[in-house]
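# Observations on the three-dimensional arrangement
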Amino acid sequence: RLLQRADLFGARLAPRVARWPMPVTAAMQASYYDEEHQVDEAGAALVKTLGVYPPGAFVRLATQEVAVVLRRGGTATTPRVAVVVNRDGMPTGEMIPRDTAQAAWRITGAVAHRDVKVQLRLDRVLVNPRDGAWHFGAMLIGREPYDIQEVWHHLRAWAVKGFFCAFMVSIL
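Residues numbered from 1 in each chain as written. Predicted model: local features only at pLDDT ≥ 70, side-chain atom pairs only at ≥ 80, totals over all residues. Heavy atoms only, no water.

Below, the discussion takes up helix α3 (residues 41–50). Along α3, the residues that are buried comprise Ala42, Gly43, Leu46 and Val47. Along the long axis of α3, the arc covered by the buried residues comes to 140°, so they all point the same way. Facing away from the buried side of α3 by more than 90 degrees, the exposed set consists of Glu41, Lys48 and Thr49. Tucked inside the fold, the buried residues of α3 contact α1 (2–13) and α2 (24–32). The N-cap residue of α3 is Asp40: its side-chain oxygen and the backbone nitrogen of Ala42 are 3.1 Å apart. Positive phi shows up at Gly51, right after α3, with a value of about 90°. (Buried < 20%, exposed > 50% of the residue type's maximum accessible area, 1.4 Å probe, protein only. Helix = DSSP H or I, 4+ residues; strand = E, 2+ residues; numbered from the N terminus. Arc of directions from axis to C-beta. Contact = heavy atoms within 4.5 Å. Polar contact = N/O pair within 3.5 Å; in protein donor to acceptor, adjacent residues only side chain to side chain.)

Structural data, given as structure tokens:
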């Protein structure tokens, strides 16, 4: 059921030929409730884990700045964000972190991806851009030196995920 809710959420956020992606808050709300408009346990777990504004969503702050959600915050409605467009509508160049738990930077609403004309640099957001996935890719491509220990950790993490995915499917 959780996989179904997550799949529905992802499908609603993806653009289609005949429609724009659904706003993130509407997609989250649609995942939260089941077909009979009752709270769905799997949907509630998804909201609890990701928050009302999942990572990657754009939001407008009380300061009229536009920010991208980086990770869940202390509550489902107060994620950690980084400003990408200032109140004048100009890109900031560097991401400016904000804590939406503070009243000055509270979220006033979601912003559609199509309305944000900023290209994000993921390497500036990641804590460690050269993580196990990077080293695994470097090993496969063979152009840059890689750390075999990082590759091992990456493969071990995927083995654990594979085991638990199969385990979860067997329970269903």
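After presenting the structure, the write-up continues.
This brings us to the packing of aromatic side chains. Under the criterion given, the structure shown has two aromatic pairs. A ring pair is formed by Tyr32 and Tyr33, whose centres lie 5.0 Å apart and whose planes are at 90°; its orientation type is edge-to-face. Note on Tyr33: relative accessible area 32%, which makes it partly exposed. Relative to Phe164, the ring of Phe163 lies with its centre 5.0 Å away and its plane at 80°, an arrangement referred to as edge-to-face. Under the relative-accessibility criterion, Phe163 is labelled exposed at 52%. The class for Phe164 is partly exposed, based on a relative accessible area of 44%. Here the basic side chain of Arg114 rests over the ring of Trp20, its NZ or CZ set 4.7 Å away from the ring centre. If you follow Lys161 out to its NZ or CZ, it ends over the ring of Trp158, 4.3 Å from the centre. (Phe/Tyr/Trp six-rings, centres within 6.5 Å; stacked < 30°, edge-to-face > 60°. Lys NZ or Arg CZ within 6 Å of the ring centre and 35° of its normal.)

What follows is about the side chain of His154. Here His154 shows up in helix α6 (residues 148–171). You can call His154 buried: its relative accessible area is 17%. Discounting residues that sit within four places of it in the chain, His154 has contacts with Gly132, Ala133 and Phe136.

Take the pattern of salt bridges next. Across all of its chains, the model carries five salt bridges by this definition. One salt bridge in this structure joins Arg98 and Glu65, with 3.2 Å as the shortest N-O distance. Here Arg98 is found in strand β4 (residues 91–99), whereas its partner Glu65 is found in the loop between β1 (58–61) and β2 (66–71), with 33 residues between them in sequence. Of the two residues, Arg98 and Glu65, neither departs from the other in class, the shared state being buried. Residues joined by salt bridges that share partners form a network here, namely Arg5, Glu35 and Asp40. (Salt bridge = Lys/Arg side-chain N within 4 Å of Asp/Glu carboxyl O.)

Attention now goes to the side chain of Thr100. Examined against the element boundaries, Thr100 turns out to sit in the loop between β4 and β5 (107–111). Among the polar contacts listed, one links the side chain of Thr100 to the backbone oxygen of Pro79, at a separation of 2.6 Å. When neighbours within four sequence positions are excluded, Thr100 is seen to be in contact with Leu61, Thr77, Thr78, Pro79, Val81, Trp105, Arg106 and Ile107.

Everything listed here is a matter of coordinates, which is why it stays silent on function.
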